[in-house]
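# Observations on the model geometry
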Amino acid sequence: MLIARLAGTAAVLAILTAGAPARAGGLTDPQIAHIAYTAGVLDIETARLALKKSKNKEVVAFARNMVHDHEAVNGKALALVKKLKVAPEDNDVSKGLVSQAEAKRASLAALEGPAFDKAYADNEVGYHKTVNAALADTLIPAAGNAELKSLLQTGLKIFQGHELHAEHLAGSLK
């Protein structure tokens, strides 16, 4: 299970960072906005699955927090693209994230009880590690617009907290 989680995390990280280390020839701001928004939506969907399946109070509280925080950041992202009159641009990175997240949600949906709770928490650790690394190492440096860069930096701070919370949660589950 750990190997599968690490392989999935590595694959998402490869998708997020492939071909985008520098702005020139890399990702555009509309693509970066779409990737960041998509990553938030995907975590919201996974959290909603946890809200339906889990009976564990800590897991449910964590999932509620994921929905709340990711919806708040995505709301700010939508307001920013509207203000800038920019349309987020779908791209291969976003499509890859969606594909991987759908597969992960399907495997989580097949689990029940404590097995689901542990797998969900472990997934949240890996997902936040991957997204945080992509934000810090690729998306923030590649963002050209100062307001987009600032929003991504704010999101990174929030999501680093999520990663720590997910690690604590995962460590408390058996």
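Residues numbered from 1 in each chain as written. Predicted model: local features only at pLDDT ≥ 70, side-chain atom pairs only at ≥ 80, totals over all residues. Heavy atoms only, no water.

A separate point is the pattern of salt bridges. Scanning all chains against the criterion turns up 7 salt bridges. The salt bridge partner of Glu-163 is Lys-129, with a shortest N-O separation of 3.1 Å. Here Glu-163, found in helix α6 (residues 146–172), pairs with Lys-129, found in helix α5 (residues 113–142); they are 34 residues apart in sequence, far enough to count as distant. What makes Glu-163 buried here is its relative accessible area of 14%. A relative accessible area of 38% places Lys-129 in the partly exposed class. (Salt bridge = Lys/Arg side-chain N within 4 Å of Asp/Glu carboxyl O. Helix = DSSP H or I, 4+ residues; strand = E, 2+ residues; numbered from the N terminus. Buried < 20%, exposed > 50% of the residue type's maximum accessible area, 1.4 Å probe, protein only.)

Time to look at the packing of helix α2 (residues 29–53) against helix α3 (residues 57–84). Relative to each other, α2 and α3 sit at 155°, their axes nearing to 8 Å. Classified by the angle their axes make, α2 and α3 are roughly antiparallel. In this structure, α2 crosses over α3, and the sense of that crossing is left-handed. Listed contacts from α3 to Ala-33, Ala-36, Tyr-37, Gly-40, Val-41, Asp-43, Ile-44, Ala-47, Arg-48, Ala-50 and Leu-51 of α2 are Val-59, Val-60, Ala-63, Arg-64, Met-66, Val-67, His-70, Glu-71, Asn-74, Leu-78 and Val-81. Residue composition of the contact of α2 with α3, grouped by class: 15 nonpolar, 3 polar and 4 charged. (Axes fitted to C-alpha atoms, helices over the stretch in contact; angles between N-to-C directions. Parallel < 35°, antiparallel > 145°, perpendicular 65-115°, else oblique. Left-handed = near helix turned anticlockwise from the far one by under 90°. Contact = heavy atoms within 4.5 Å. Nonpolar A, V, L, I, M, F, W, Y, C, P; charged D, E, K, R; others polar.)

Applying the stated criterion to the full structure yields 2 aromatic pairs. Where Phe-62 meets Tyr-120, the ring centres are 6.1 Å apart and the plane angle is 70°; that geometry is what we call edge-to-face. Of this pair, Phe-62 sits in helix α3 while Tyr-120 sits in helix α5, placing them 58 residues apart in sequence. Of the two residues, Phe-62 and Tyr-120, both sit in the buried class. (Phe/Tyr/Trp six-rings, centres within 6.5 Å; stacked < 30°, edge-to-face > 60°.)

A few words on the layout of surface pockets. Unfilled space is identified by rolling a water-sized probe across the atoms. Taken as a whole, the largest pocket encloses approximately 320 Å³ of empty space. Forming the walls of the largest pocket are 28 residues, and the residues nearest its centre are Ala-33, Ala-36, Tyr-37, Leu-148 and Leu-152. Where the lining of the largest pocket is concerned, the elements lending two or more residues are α2, α3, α5 and α6. The leading source of residues in the lining of the largest pocket is α2, at 8 residues. Across the lining of the largest pocket, the residue classes break down as 22 nonpolar, 5 polar and 1 charged. (1 Å grid on protein atoms, 1.4 Å probe; cavity = no way out; pocket = protein on both sides within 12 Å on 5 of 7 lines; lining within 4 Å. Points joined across faces, edges and corners; volume = space filled by probe spheres on them.)

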